[in-house]
Amino acid sequence: MSSYLKSFAIILTAIVMASCAKDPNLSLPAIISDNMVLQQNQEVAIWGKAAPGTEVKVVAGWGSEATAVADADGKWLTRISTIEAGGPYDLTISARKTQITVSNVMLGEVWLASGQSNMEMTLAGMPPFSFIEGSEEAIANSNIPEIRFFTVAKSFTAAPADSVSGSWEVSSPETAPRFSAAAYFFALKLNTELSVPVGIIHSSWGGTPAESWISQDMLAIDADYKGIVEKLKEYGPEEKLYDEWLVKHETKQLQWAPGKDPFVGLDMFDEYCSNPATDTEDWPVATLPAYLEQTAGEVDGIIWYRKKIEVPATWEGKNLTINLGPIDDRDVTYFNGTRVGAHEESGFYQTIRTYTIPAELVKAGEAVIAVKITDNQGGGGMCGRPDQLSIHPEGDASAAISLAGEWQYALVGELKKGKLYVFDPQNKEWKDRPFLSLQLSQNTASSLYNGMIDALVPYTLRGAIWYQGEANVGNANKYMQLMSMLVTDWRTKFENEDLSFYYVQIAPYHYGDANSVSSANLREAQRRSMDIPNTGMISTLDIGNVMDIHPANKKAVGERLALWALAKNYGKDVVYSGPIPASVEVQGSSLHISFDYANEGLIIDDSKPNQFEIAGEDGVYYEAKATVNGSVIVLTSPKVSKPVSARYAYRNGSVGTLFNGAGLPAPTFNTQNEIDN
């Protein structure tokens, strides 16, 4: 071989060796991490990123192996066989000389739990207003290593996100208070009955509508959503620029621990922003009361409001009372730089803020009121009525000065994907935020699918449980279509056309008028959605609270959902549904309703107000006498000679009175052909 060819061969070998030694940039998504649960007896998806062309090998401690090659975008995906439930195992992912070991992996049953606040509500509850029945006992007994939760950090995005934030947590008294209560009791029931590990992927956000959880691909087929889908596509590049700007800022990690709320005592330029001497000449102005979103746009975060007032000479040396109305979610309030009151803990978003300003702080002349507000989810701010904002001498409201009107403000922090991005008001960093043409929020169609579901695909699931609908009250006609779209969408995305989907018919609540039927119409839309194959619904009519949209008995919710899974997915011989109307027949002046799931007969609780009504051709409903005849209920009314339709528990504030012998309640129902809004 010539010296030239030898030199070329040496150079070529060096290039190849250098290429082989190159860092493969191997990485895994957060959902594939220590403590995870993989679906037993399946070909489960494992995926990640690596340098394009890199071969990745997956080796499981239970004896299975699989390989994949990263594509031109650096993405790789493979499927590996799992065996019967058990563990713990290690899962080793390697590429070249790089290796990642995922430890303490269990094989068992995996379910996705999603929805709005009634699914989000944790075992710790939302004190002081909303609590979980039996939470102390449940938490104390939660040392169950076979139950694991992955809670997805809240995030809304215009385009599908590459990743979600979160980690798998093993159930214990330290971790369980953070778990979704409904999902925990669901998992506990499955674990108890099946004796297998149960993994819950929990992805929910309070106050959000169903359309937020559906992909743009699916919503685009509906004319009502085509417009917003197109706007989201245009908004994508703007959001990317915004996120690039955002990540340049300092962040504060919000570490939750037992007895530790990271927002309590959090210093966000408190001295600077509360100091009356601080120059706020160029701070913008907002008119209060108003939601933070009306002030600073669709953000969750921390904002300071300041207002100057003139203290009358006659007030000097007297205690003052300052009224700020309800503040969502938390506040710390200052008078001339001195802290005079606060509600820093969670759960006080409905509490009217009334604080006392000590007499020694009160001097005649100019004074500055400064309020730090933390909005850690959903809408927030000083959001009461104008007449609730005032200051006056203690005991003399007749002399009050209104605090409604113009306040200056500065946004000092934005919460996004579990991080708090900090904006220094002294440098006015927040004023340089890139322009966003769309006020994107968690309520925007597709935004939560993009931010909190898509990056979970294609994790292998047994099924999904869903508790949502309160945010769609008033739009019952559309809800049936949204439910069909959501179920179809998730089954398509997770590549499981038989994905089980069990959901909750929302509980009674007044919605401003306990005798109205707006939420009853929504409940009826949910009942009719049971026509979607492989779905099931539970009723909560008997465990609601007309004065609290967050009923406390989440144990019944979780266990009733689990009954559907035990019967349909695991072949257990259990009664899993309350009575469901199957057919209606008019016989003279009476109306006969036959029921499915009338196990051990039908029972009407006569100790509660009668919930049955019938109507004739005029559509006017009258209270009806209900008589049980086996699995049939016969309804009559002296005011209706020719009945046409019937309805049951059809008020916002209805209560459950119809049960089967197993004690499971019937849902709200209406036998009319159409549902009103």
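Structure shown above.
Notes on the structure in this doc start here. (Residues numbered from 1 in each chain as written. Predicted model: local features only at pLDDT ≥ 70, side-chain atom pairs only at ≥ 80, totals over all residues. Heavy atoms only, no water.)

Looking at the second largest pocket, its volume works out to about 430 Å³. Trp47, Lys49, Lys75, Asp162 and Val457 are the residues nearest the centre of the second largest pocket, which is lined by 18 residues in total. Elements that contribute at least two residues to the lining of the second largest pocket include exactly strand S2 (43-49) and strand S5 (75-81). Tallied by class, residues from the lining of the second largest pocket come to 10 nonpolar, three polar and five charged. (1 Å grid on protein atoms, 1.4 Å probe; cavity = no way out; pocket = protein on both sides within 12 Å on 5 of 7 lines; lining within 4 Å. Points joined across faces, edges and corners; volume = space filled by probe spheres on them. Helix = DSSP H or I, 4+ residues; strand = E, 2+ residues; numbered from the N terminus. Nonpolar A, V, L, I, M, F, W, Y, C, P; charged D, E, K, R; others polar.)

This part takes up the sheet that holds strand S33 (residues 625-629). Hydrogen bonds along the backbone pair up the strands of a sheet, which may run parallel or antiparallel. Strand order in the open sheet formed by four strands is S28-S29-S34-S33, with antiparallel pairing between adjacent strands. The open sheet has two edge strands, strand S28 (580-587) and S33, and neither has a second partner. Adjacent strand axes in the sheet meet at a mean angle of 25° when their direction is disregarded. (Pairing = 2+ DSSP bridges. Axes fitted to C-alpha atoms, helices over the stretch in contact; angles between N-to-C directions.)

All chains considered together, the criterion is met by 27 aromatic pairs. Geometrically, the ring pair formed by Tyr576 and Tyr597 is edge-to-face, given 5.5 Å between the ring centres and 70° between the ring planes. Separated by 21 residues along the polypeptide, Tyr576 in the loop between helix H12 (554-568) and S28 and Tyr597 in the loop between strand S29 (590-596) and strand S30 (602-604) bring together distant segments of the chain. Owing to a relative accessible area of 17%, Tyr576 belongs among the buried residues under this scheme. (Phe/Tyr/Trp six-rings, centres within 6.5 Å; stacked < 30°, edge-to-face > 60°. Buried < 20%, exposed > 50% of the residue type's maximum accessible area, 1.4 Å probe, protein only.)

Now for helix H4 (residues 181-194). In this model, H4 (14 residues) spans 20 Å end to end at C-alpha, consistent with the 20 Å of a helix rising 1.5 Å per residue. When you tally the buried positions in H4, you get 10 out of 14 residues, the bulk of the element. Directly after H4, the chain includes Ser195, whose backbone phi takes a positive value near 55°. (Expected span 1.5 Å × (residues − 1).)

On to the packing of H4 against H12. At a minimum axis separation of 7 Å, H4 and H12 run at an interaxial angle of 45°. The orientation of H4 with respect to H12, classified from their angle, is oblique. Our pair here, H4 against H12, has a crossing hand that is right-handed. When H4 is examined against H12, the residues Ala181, Ala182, Phe185, Phe186, Lys189, Leu190, Glu193 and Leu194 are found in contact with a partner set consisting of Lys554, Lys555, Val557, Gly558, Glu559, Leu561, Ala562, Leu563, Ala565 and Leu566. A breakdown of the residues in the contact of H4 with H12 according to their chemical character gives 12 nonpolar, one polar and five charged. (Parallel < 35°, antiparallel > 145°, perpendicular 65-115°, else oblique. Left-handed = near helix turned anticlockwise from the far one by under 90°. Contact = heavy atoms within 4.5 Å.)

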